[in-house]
Amino acid sequence: MKLLGSIFCLIYFLAMPISISLASLQEGFYQHTCPSAEAIVKKAVNKAVSQNPGLGAGLIRLHFHDCFVRGCDASVLLDSTPGNPSEKENPANSGSLRGFEVIDVAKAEIEAACPQTVSCADILAFAARDSAFKLGGINYKVPSGRRDGRVSLKDEPTGNLPPPVFNVQQLQDNFAKKGLSLEDMVTLSGAHSIGVSHCSSFSNRLYSFNATGPQDPSMDPKFATDLKTKCSSPTNDPNPTVALDVLTPNRLDNKYYQNLQNSRGLLTSDQALMTSSSTASMVKNFARQGGVWGNRFSAAMVRMGSIEVLSGTEGEIRKNCRVIN
């Protein structure tokens, strides 16, 4: 898919806060040092997502959760060590992040071909792009040259990752802290066209919304009735999962925005996009023009993938994505 025009991009990036570090990255970074790197990642992603489409959603989410905490430095991939629980243990990540094994497979093959050359952070960025292409035909070039961080702390996702109960202003503020615009936020929310959510992330909208009523009035009543058959317990025990987009759950497309127009957004933070005139107009546009959304999604993913990156001699190139060297 086309990226935004080069002149617009130049103006946009010069206006962005310093947390966006695209200038330190470049397309084709491994062209001479490991020319097979991107093809190896693509092969691993295609194989895994063909067997389990949910892994594609998992890899895009993994990239998002990485970039919003310490920047895109693969800190989310690090395992806990004695006395140092990692980001994986945070409630926002524990038990719900998927795709680690796909990164491991790609990293192992890349290390065999080009030892200690390609960062785990870049592999994750490539894998997110390849997932978007596999599930939605959305393709874009990924500037690379990221380095891997050496720190991962359990508490840091809290306060950096937007929870599913955020309203529009809170979402806008959260993304702005990362150097991303309101349109970037609405555009990237479209990733909820694929993947699943645990009932606990939205059951308050069904059973305990507020003092005036147990059910969120902004949710389509028929949709709520259907969800109650899948999330039958107000206590979320057990805690099953539900597709974020019931129309095309394994296709990355603009149906997410059509769902919002029909009051069928699953999470509070999804349906909240219809509560502001500025974001609602973007939703309307993306619902009507899937190609426009796909182009904007490509550009927004590149910007997100450039948040606070390490480059040059910063950080390291891990041999194993789960542990520091």
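Residues numbered from 1 in each chain as written. Predicted model: local features only at pLDDT ≥ 70, side-chain atom pairs only at ≥ 80, totals over all residues. Heavy atoms only, no water.

Caption draft 1: Expanded view of the state of the cysteines. If you walk through the whole model with that rule in mind, you get four disulfides. Linked covalently through their sulfurs, Cys34 and Cys114 form a disulfide whose S-S length is 2.1 Å. Negative torsions about the S-S bond denote left-handed disulfides, and the value of about 75° found for Cys34 with Cys114 makes this one right-handed. In this pair, Cys34 is assigned in the loop between helix H1 (6-15) and helix H2 (37-51) and Cys114 in the loop between helix H4 (100-113) and helix H5 (120-136), connecting sequence segments 80 residues apart. The exposure classification of Cys34 matches that of Cys114, with both residues buried. (Disulfide = S-S within 2.5 Å. Helix = DSSP H or I, 4+ residues; strand = E, 2+ residues; numbered from the N terminus. Buried < 20%, exposed > 50% of the residue type's maximum accessible area, 1.4 Å probe, protein only.)

Caption draft 2: Structural detail: the packing of helix H3 (residues 54-67) against H5. Taken N-terminus to C-terminus, the directions of H3 and H5 make an angle of 145°; their axes are 8 Å apart at the nearest point. Here H3 and H5 pass one another in a crossing that is left-handed. Counting all contacts with H3, which are made through Gly56, Ala57, Leu59, Ile60, Leu62, His63 and Asp66, the residues of H5 involved are Leu124, Ala125, Ala127, Ala128, Ser131, Ala132 and Leu135. In terms of residue class, the contact of H3 with H5 is made up of 10 nonpolar, three polar and one charged. (Axes fitted to C-alpha atoms, helices over the stretch in contact; angles between N-to-C directions. Left-handed = near helix turned anticlockwise from the far one by under 90°. Contact = heavy atoms within 4.5 Å. Nonpolar A, V, L, I, M, F, W, Y, C, P; charged D, E, K, R; others polar.)

Caption draft 3: Fine view of the nonpolar core. One finds Leu62, Leu77, Ile103, Leu252, Tyr257, Phe297 and Met304 to be the most contacted residues of the largest nonpolar core, which totals 73 residues. Beyond its immediate stretch of four places on either side in the chain, Tyr257 contacts Val186, Thr187, Ser189, Gly190, Val283, Phe286, Ala287 and Trp293. Counting 12 residues, the second largest nonpolar core, distinct from the first, contains Phe202, Leu227, Cys231 and Leu244. (Core = buried A, V, L, I, M, F, W, Y, C linked by side-chain atoms within 4.5 Å.)

Caption draft 4: Molecular detail of H2. For H2, spanning 15 residues, the distance from its first C-alpha to its last is 22 Å, which sits close to the expected 21 Å at 1.5 Å a residue. What H2 keeps buried is the set Ala37, Ile40, Val41, Ala44, Val45, Ala48 and Val49. Down the axis of H2, the sector holding all buried residues measures 150°, keeping them to one side. In H2, those exposed residues whose orientation departs by more than 90 degrees from the buried face are Ala39 and Lys47. The inward-facing, buried residues of H2 abut H3, H4 and H5. (Expected span 1.5 Å × (residues − 1). Arc of directions from axis to C-beta.)

Caption draft 5: Quick look at the pattern of salt bridges. All chains considered together, the criterion is met by 15 salt bridges. Across the pair Glu183 and Arg296 runs a salt bridge whose closest N-O atoms are separated by 3.2 Å. Of this pair, Glu183 sits in helix H7 (residues 182-189) while Arg296 sits in helix H13 (residues 290-304), and the two are 113 residues apart along the sequence. Here Glu183 falls in the partly exposed class, since its relative accessible area comes to 28%. Of the charged contacts, one joins Asp226 and Lys230 as a salt bridge, the two residues approaching to 3.3 Å between their closest N and O atoms. Of this pair, Asp226 and Lys230 are both found in helix H9 (residues 221-230), four residues apart, which corresponds to roughly one turn of the helix. Classification of Asp226 as partly exposed rests on a relative accessible area of 33%. In this structure Lys230 comes out as partly exposed when scored by relative accessible area, which is 38%. Overlapping salt bridges, with partners in common, bring together Asp79, Lys88, Asp104 and Arg322 in one network. (Salt bridge = Lys/Arg side-chain N within 4 Å of Asp/Glu carboxyl O.)

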